[in-house]
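Structural description and commentary
The primary structure of each chain is shown beneath.
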Amino acid sequence: MRTLVVYESQWGNTEKVARAIADRLGRVGAVDVVDTDAAPKAVTGYDLVVVGGPTHAFSMSRPSTRGDAVKNHSAPHEPKRGIREWLNAVERSAIKVPAVAFDTRVDKPRLPGSAAKAARHELRSLGFDTSIKQKTFRVHDYAGPLLDGEEQRAADWADELVKQTMR
């Protein structure tokens, strides 16, 4: 199984989740894990695509919300391209590749909206097989860190992805 894991991260929390997923998926095949700025436009040759990003303003980030995170919340990194922009640029695959989405969100207060849900919708519109439900991982406040156990939950979710895509 060959997997592409694409993530957007400003404080490193979403990256940690992406790498936990990639590490576990690496037990069953090759995994390319890249941030959205380096992500390829073509997904040809991949058996699974995993896309993750932070929830900003109830959905996937925008350039304005990423800029706000840097300016008003001291985010150490501002991606030039988030998952929204990557999904707008990715080429439609000739075959229906399985794809899943995850997001990171603040634990409290629990706010509505989900970057993963929006990404899953975009993946479906691009012709990906999105039969596997998206997943959310929680962080303390804007900067994190991840809640205790979230990296393990991500690894466990990767095991479920393998089971569901190998059927």
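In this report, we go over the structure that sits alongside the text.

About the criteria used
- Residues numbered from 1 in each chain as written.
- Predicted model: local features only at pLDDT ≥ 70, side-chain atom pairs only at ≥ 80, totals over all residues.
- Heavy atoms only, no water.
- Buried < 20%, exposed > 50% of the residue type's maximum accessible area, 1.4 Å probe, protein only.
- Helix = DSSP H or I, 4+ residues; strand = E, 2+ residues; numbered from the N terminus.
- Pairing = 2+ DSSP bridges.
- Right-handed = clockwise from strand over helix to strand, strands pointing away.
- Salt bridge = Lys/Arg side-chain N within 4 Å of Asp/Glu carboxyl O.
- Polar contact = N/O pair within 3.5 Å; in protein donor to acceptor, adjacent residues only side chain to side chain.
- Contact = heavy atoms within 4.5 Å.

**Quick look at the pairing of strand β5 (residues 135-139)**
The element β5 is largely enclosed, with a buried count of four among its five residues. Here strand β4 (residues 99-106) runs beside β5; their pairing, made up of five bridges, is parallel. Paired with threonine 104 across the strands is phenylalanine 137, a residue of β5.

**Some thoughts on the pairing of strand β2 (residues 30-35)**
One ladder, built from six bridges, connects strand β1 (residues 2-7) with β2; its direction is parallel. Residue pairing for β2: leucine 4 is matched across the bridge by aspartate 32. Crossover β1 to β2 through helix α1 (residues 13-25) is right-handed.

**Concerning the pattern of salt bridges**
Should the charged atoms of two oppositely charged side chains come close, the side chains can pair. Per the counting criterion, the structure on display carries ten salt bridges. The partner of aspartate 159 in a salt bridge is arginine 24, and the shortest N-O contact between them spans 2.5 Å. A residue pair is termed long-range when its members are at least 10 positions apart, and aspartate 159 in helix α5 (residues 150-165) and arginine 24 in helix α1 qualify at 135 residues. The exposure class assigned to aspartate 159 is partly exposed, which follows from its relative accessible area of 28%.

**Description of the side chain of threonine 136**
Along the polypeptide, threonine 136 turns up in strand β5. The buried category is assigned to threonine 136, whose relative accessible area is 17%. In terms of polar contacts, threonine 136 uses its side chain to reach the side chain of aspartate 103, at 2.7 Å. In terms of polar contacts, threonine 136 uses its side chain to reach the side chain of arginine 105, at 2.7 Å. Sequence-distant contacts of threonine 136, that is, excluding residues within four places in its chain, are made with Asp103, Arg105, Ser114, Glu150 and Arg153.

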